[in-house]
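Chain and residue survey
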Amino acid sequence: MYEFTYHRPASVADAAALLAANADAKLLAGGQTYLPTLKQRLAQPTDLIDLGRIAELKGIKEEGGGLTIGAMTRHADVAHSDVVKRVIPSLAALAELIGDPQVRNRGTIGGSISNNDPAADYPGALLALNATVRTNKREIPADAFFTAMFETALAPDEIVTAVHFPKPEKGAYEKFPNPASRYSMVGVFVARTGGTVRVAVTGAGPTAFRWVDAENALAGNFSAAAIDGLTVDASGLNADLHASADYRAHLIKVMAKRAVAAMA
């Protein structure tokens, strides 16, 4: 680990000031990705800004017909929240599937979406539920937030403060996890509100994406059978030692059908 200056600000304003004053500073949320990166000397920040003491970044509340979850809220808190289970139970179920108990008790929703790991679960939830990412500067629709592998629409001096999720009529998340890491090899989140259906895929490509063909098919006939005639183009999907692109394309269809069936 390289030498750096460690900061523990007490407010978002203080954290933003530190970030603006140090061009090579980095934010620390749960640290599930960044701390191992530091230990392996793959990153060399001049300053590390720990968001852990900022109370305004934590918490879950029912708001605007949905849920608002603070950026530093841990996965375990989302999974076990009675409010989340009542308003958007599929989101609580997703959080319970993230990693293992150690990861769920340290990792945060803001850290996860800001890192935008291709195999992370939360990006699929944000896209399927048409969420809005709130920062210290603006609000960003989920459809515009995830831009590429490990990249987002966030500016270098921008801090995620919360995520707002509209309440769907129904939703379900199904994933095929890596048996060792529990990361998503393919995960599909389906959400329905009225005649609108959103289908989001994570784990399969460089970043989470919406499967528009499935959305159109399900809008006319909300059943697993509506997906039978669809095919998934494997070009551009991830291929590694865990699964080929063709296998991931197959899993997208399987997980989507399972999610729709779970909503019946």
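For clarity, every value in this text was computed on a predicted model and none was experimentally measured.

Considerations on the pattern of salt bridges
Applying the stated criterion across every chain, the model contains 14 salt bridges. With a shortest N-O distance of 3.4 Å, Glu-139 and Arg-134 are connected by a salt bridge. We classify Glu-139 as exposed; its relative accessible area is 52%. As a salt-bridge pair, Lys-257 and Asp-228 come within 2.5 Å of each other at their nearest N and O atoms. Placement of Lys-257 in helix 11 (residues 245-262) and of Asp-228 in the loop between helix 10 (212-220) and helix 11 is noted, with a sequence separation of 29 residues between them. Overlapping salt bridges bring together Lys-61, Glu-63, Arg-134 and Glu-139 as one network.

Concerning the packing of aromatic side chains
This model, assessed by the stated rule, comprises three aromatic pairs. When the ring of Phe-145 is compared with that of Phe-146, the centres are 5.0 Å apart and the planes differ by 90°; the resulting orientation is edge-to-face. Residues Phe-176 and Tyr-247 carry aromatic rings whose centres are separated by 6.3 Å and whose planes lie at 90° to one another, so their mutual orientation is edge-to-face. You can see Phe-176 sitting in strand 11 (residues 170-177) and its partner Tyr-247 sitting in helix 11, a full 71 residues away along the chain. Over the ring of Tyr-2 we find Arg-41, and its NZ or CZ is 4.5 Å from the ring centre.

Concerning the sheet that holds strand 13 (residues 196-202)
Strand order in the open sheet formed by four strands is 11-12-13-14, and the pairing between neighbours is antiparallel. Edge positions in the open sheet fall to strand 11 and strand 14 (209-210), since each of these has one partner strand only. As paired strands, strand 11 and strand 12 (residues 184-193) are joined by eight bridges and run antiparallel to one another. Across the sheet, Glu-174 pairs through a bridge with Val-188, a residue of strand 12. This element, helix 11, spans strand 11, strand 12, strand 13 and strand 14 of the sheet and lies at about 35° to strand 12.

Some words on helix 10
Along helix 10, the positions that sit buried rather than exposed are Ala-214, Glu-215 and Leu-218. Down the axis of helix 10, the sector holding all buried residues measures 105°, keeping them to one side. In helix 10, the exposed positions angled more than 90 degrees off the buried face are occupied by Asn-216 and Gly-220.

Criteria and cut-off values
- Residues numbered from 1 in each chain as written.
- Predicted model: local features only at pLDDT ≥ 70, side-chain atom pairs only at ≥ 80, totals over all residues.
- Heavy atoms only, no water.
- Salt bridge = Lys/Arg side-chain N within 4 Å of Asp/Glu carboxyl O.
- Buried < 20%, exposed > 50% of the residue type's maximum accessible area, 1.4 Å probe, protein only.
- Helix = DSSP H or I, 4+ residues; strand = E, 2+ residues; numbered from the N terminus.
- Phe/Tyr/Trp six-rings, centres within 6.5 Å; stacked < 30°, edge-to-face > 60°.
- Lys NZ or Arg CZ within 6 Å of the ring centre and 35° of its normal.
- Pairing = 2+ DSSP bridges.
- Contact = heavy atoms within 4.5 Å.
- Axes fitted to C-alpha atoms, helices over the stretch in contact; angles between N-to-C directions.
- Arc of directions from axis to C-beta.

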